[in-house]
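Overview (structure and organization)
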Amino acid sequence: MSKTFSQLNTCDDDLKSKFIDINNSFKKKYENLEVDFFICVPGRVNLIGEHIDYNGYNVCPMAIKQNIIGAIKVTDDLNVHISNVNKDKYEDYSCKINSIVIENDPKNIHWYNYVLCGFKGIIEIAFNVTLKGLIIHLDGTIPPASGLSSSSALVCAAALSLCHVLNMNLSKHEIAELTAKAERYIGTEGGGMDQAIIFNANYGFASRISFDPISLIEFQIPPNAVFVIAQSLVTKNKAASNDFNLRVVECRLSSLIIAKKYGLKNWYKYVKLADTQKDLKQQLENMVKIVRDVFHDRYYTKEEICSILNISGNELEEKFLTKNTKNMNNFKLKDRALHVFEEALRVDKFCKICGTTKSLFELGSIMQDSHSSLRDLYECSHTELDKLVTVCMTNGAFGARLTGAGWGGCVVALISCDIAEEFIESVKETFYSNKITDLTNMNDIIFITKPYSGAAIFSQSIIKNL
Ligand code: GLA
């Protein structure tokens, strides 16, 4: 069982000064009330293994320095007050801790709904616990809607805060599993990668994460390499469209069809491709062959899927589609399933190389293949992401790929340490110069990243130790 959270009394000066700032902002807003504790929750970058966590396959993310920090005060009533330092962009919200309502209207998503998801996840397991209210004041540096897990970090920040307020003793794996489920209240059916790395990351290490149940194997990135993250400047809020859920559903349907066609008893339980593979007792390479055998290249209609599975349209909608995919009638199955099995193979190869030859050429080429597959088979890239990947490659990257859900967001590029600064300057000139006027202040747009530590709670005294 992974460790629980204890309150920390030390942190680096950078974080300390952020806590001092948020403490001042809290006091100003809440009439000099004293903060009880602080939290810090990182974003993450996924190195390889995209869109396969919700299919049950391993992924390789690491936590990044960009984070969400919070100042929290426990109250003796049941009131919850949620606020943000950036109050012009993120409005205040108040409610009662025992009557949380999460709006998930895709046309109108308010930031605090992610906070509410985190609270709800904790309340659902708070049996025999006396509920308390809290004031949570937040600030952050993770670029929103950019594939670096700003939304999951909010959910995790809220859950960690309430868990501490209620004195509940959850392990890091438990809270990771709980927040992954809770985030689905917003309407997107994500996997568990973001929450798993957010809670379990250790400084200096990326992790290979497997699911059902969560387990992590840490690894170091090759010493002569760094990862650079670059924003495409196209944002994508995955809760605001059905693109993400449609991919989840397409994978689910392809898994069910393979299970049914290959005679697995209780085929309707096989909603994850990894479960189907496991019970068919096939290697990943064979699953690729099976996909080529089973599926045609065209879109599948609902009618065709119902006839293969021998179920009614109603059953299909109720059991296997989501609220925002019920009305879809075109599902691409072959390409999506091919991406999943081949990406799972790439994760295995990537980890093997990190542990053995550490060849940057080979790692880079796996990242390139991943990007091509996300662009062509999974169709979740964007022309700006594709351009940025090309720019990274022409400026000396070993490999570059979209990271996170895609359709916008960021690229992660593998670079040799000795050319990193030069690389960043060239990408600024080639990609950003006609998009951004001030190229001197771009530390949030393109930056070198190292593996940071996971979410943590800090005692109030942290700001006094300066
Ligand atoms: C989002 C989800 C993750 C994962 C990625 C794609 O970040 O929250 O669970 O599916 O997309 O790899």
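Each value, and the rule that gives it
For every chain, the first residue of the written sequence is number 1, and numbering continues from 1 onward in sequence order. Given that the model is predicted, a residue must reach a pLDDT of at least 70 before its local features are reported, and side-chain atom pairs must reach 80 or more before they are shown or counted; all residues, however, enter totals for whole chains, interfaces and linings. Processing note: side-chain calculations cover all non-hydrogen atoms of the structure and skip hydrogens and water entirely. Here the aromatic set is Phe, Tyr and Trp, taking the six-membered ring for Trp, and pairing holds for ring centres within 6.5 Å; pairs whose planes are under 30 degrees apart are stacked, those over 60 apart are edge-to-face, and all others are tilted. A run of DSSP states H or I qualifies as a helix once it reaches four residues; a run of E qualifies as a strand once it reaches two. Both are numbered from the N-terminal end. For this description, a residue counts as near a given molecule or strand if any of its non-hydrogen atoms is within 4 Å of it. Pairing of N or O atoms within 3.5 Å defines a polar contact, subject to two protein rules: one partner must be a possible hydrogen donor and the other a possible acceptor, and residues neighboring in sequence count only if both atoms are side-chain atoms. For this scheme, ten residues count as nonpolar: Ala, Val, Leu, Ile, Met, Phe, Trp, Tyr, Cys and Pro. Four count as charged, namely Asp, Glu, Lys and Arg, and the remainder, Gly too, count as polar. Between buried and exposed lies partly exposed: a residue is buried under 20% and exposed over 50% of the maximum accessible area for its type, with that area taken using a 1.4 Å probe on protein chains only. We call two residues contacting when some pair of their heavy atoms lies within 4.5 Å. By nonpolar core is meant a set of buried Ala, Val, Leu, Ile, Met, Phe, Trp, Tyr and Cys residues that side-chain atoms within 4.5 Å join together. At least two bridges found by DSSP between two strands are what make those strands a pair. What counts as an axis is a line fitted to C-alpha atoms, over the stretch in contact for a helix, and the angles between N-to-C directions run from 0 to 180 degrees. Multiplying one less than the number of residues by 1.5 Å gives the expected span of a helix. Here a salt bridge means any side-chain nitrogen of Lys or Arg lying within 4 Å of a carboxyl oxygen belonging to Asp or Glu.

Turning our eyes to something else, we now look at the packing of aromatic side chains. With the rule as written, the count across this model stands at 14 aromatic pairs. Aromatic pair Trp-267 and Tyr-268: ring centres 5.7 Å apart, planes at 80 degrees, arrangement edge-to-face. Relative to Phe-320, the ring of Trp-267 lies with its centre 6.4 Å away and its plane at 45 degrees, an arrangement referred to as tilted. One end of the pair, Trp-267, is in the loop between helix H6 (243–261) and helix H7 (273–280); the other, Phe-320, is in helix H10 (residues 313–320), and 53 residues separate them in sequence.

Let us now look at the site of the ligand. The immediate surroundings of the ligand are formed by 13 residues, with Glu-50, His-51, Asp-53, Gly-191 and Asp-194 found nearest. Arg-44 is positioned with one of its side-chain polar atoms (N or O) 3.0 Å from an oxygen atom of the ligand. Here the shell around the ligand is built from residues that sort into four nonpolar, four polar and five charged.

Secondary-structure assignment places Ser-150 in helix H3 (residues 150–165). With a relative accessible area of 13%, Ser-150 lands in the buried category. Ignoring sequence-local partners within four residues, the contact set of Ser-150 consists of Ile-68, Ile-142, Pro-143, Pro-144 and Ala-145.

The biggest cluster of nonpolar side chains holds 157 residues, and the ones touching the most others in it are Ile-82, Phe-119, Ile-122, Leu-253, Phe-341 and Tyr-432. Looking at this core element by element, the count peaks at eleven residues for H3. Residues contacting Ile-122, with those up to four places away along its chain left out, are Ala-159, Leu-162, Cys-163, Leu-166, Met-168, Leu-170, Ile-175 and Leu-178. With 16 residues, the next largest nonpolar core counts Cys-11, Ile-22, Cys-40 and Ile-463 among its residues.

Here we take up the sheet that holds strand E3 (residues 60–75). What links the strands of a sheet is backbone hydrogen bonding, and the strands pair in either a parallel or an antiparallel sense. In spatial order, the strands read E1-E13-E2-E3-E6-E4-E5; together these seven strands make up an open sheet with mixed pairing. Strands with a single pairing partner mark the edges of an open sheet, and in this sheet they are strand E1 (7–8) and strand E5 (93–96). In the sheet, strand E2 (residues 37–48) pairs with strand E13 (residues 456–459) via four bridges, with the strands oriented antiparallel. Looking at E13, one finds that Ile-39 is bridged to Ile-457. Those strands touched by helix H1 (residues 13–29) are E2, E3, strand E4 (79–84), strand E6 (133–140) and E13, and its axis lies near 35 degrees from that of E3. Seen against the sheet, helix H2 (residues 112–123) touches E4, E5 and E6 and runs at an angle of roughly 140 degrees to E4.

It is worth spelling out H3 at this point. Here H3 contains 16 residues, and its C-alpha end-to-end distance of 23 Å stays within 8% of the 22 Å for a straight helix at 1.5 Å per residue. Burial analysis of H3 places 15 of its 16 residues in the buried class, which makes it a mostly covered element. Looking one or two residues beyond H3, the residue adopting positive phi is Asn-167, at roughly 60 degrees.

Let us look at the environment of Glu-91. For Glu-91, the location among the structural elements is in the loop between E4 and E5. Residues Glu-91 and Tyr-112, 21 residues apart in the sequence, show an inter-C-alpha distance of 8.0 Å. Among all residues touching Glu-91, those that are not within four sequence positions of it are His-110, Trp-111 and Tyr-112. Only 2.6 Å separates the side chain of Glu-91 from the side chain of His-110, close enough to count as a polar contact.

Further remarks concern the pattern of salt bridges. With the rule as written, the count across this model stands at 25 salt bridges. The salt bridge involving Asp-36 is made with Lys-73; its shortest N-O contact spans 3.8 Å. One end of the pair, Asp-36, is in the loop between H1 and E2; the other, Lys-73, is in strand E3, with 37 residues separating them in the sequence. With a relative accessible area of 17%, Lys-73 lands in the buried category. For the salt bridge of Lys-319 with Glu-315, the shortest nitrogen-to-oxygen distance reads 3.1 Å. A residue pair is termed a helical-turn pair when its members lie 3 or 4 positions apart in one helix, as Lys-319 and Glu-315 do in helix H10 at four residues. Residue classification places Lys-319 among the exposed positions, given a relative accessible area of 53%.

A separate point is the sheet that holds strand E10 (residues 399–403). Taken together, four strands build an open sheet; the order of strands is E10-E11-E9-E12 and the sheet is antiparallel. At either margin of the open sheet sits one strand with a lone partner, and together these are E10 and strand E12 (446–449). Each strand axis lies, on average, 25 degrees off the axis of its neighbour in the sheet, ignoring direction. Looking at chain direction, strand E9 (residues 225–231) and strand E11 (residues 410–416) are connected through seven bridges and run antiparallel. When the sheet's bridge partners are listed, Ile-229 is paired in E11 with Val-412. Contacting E9, E10 and E11, helix H12 (residues 360–376) runs over the sheet at an angle of about 40 degrees to E10. Sheet contacts for helix H14 (residues 420–432): E9, E11 and E12; angle to E12, the most-contacted strand, approximately 155 degrees.

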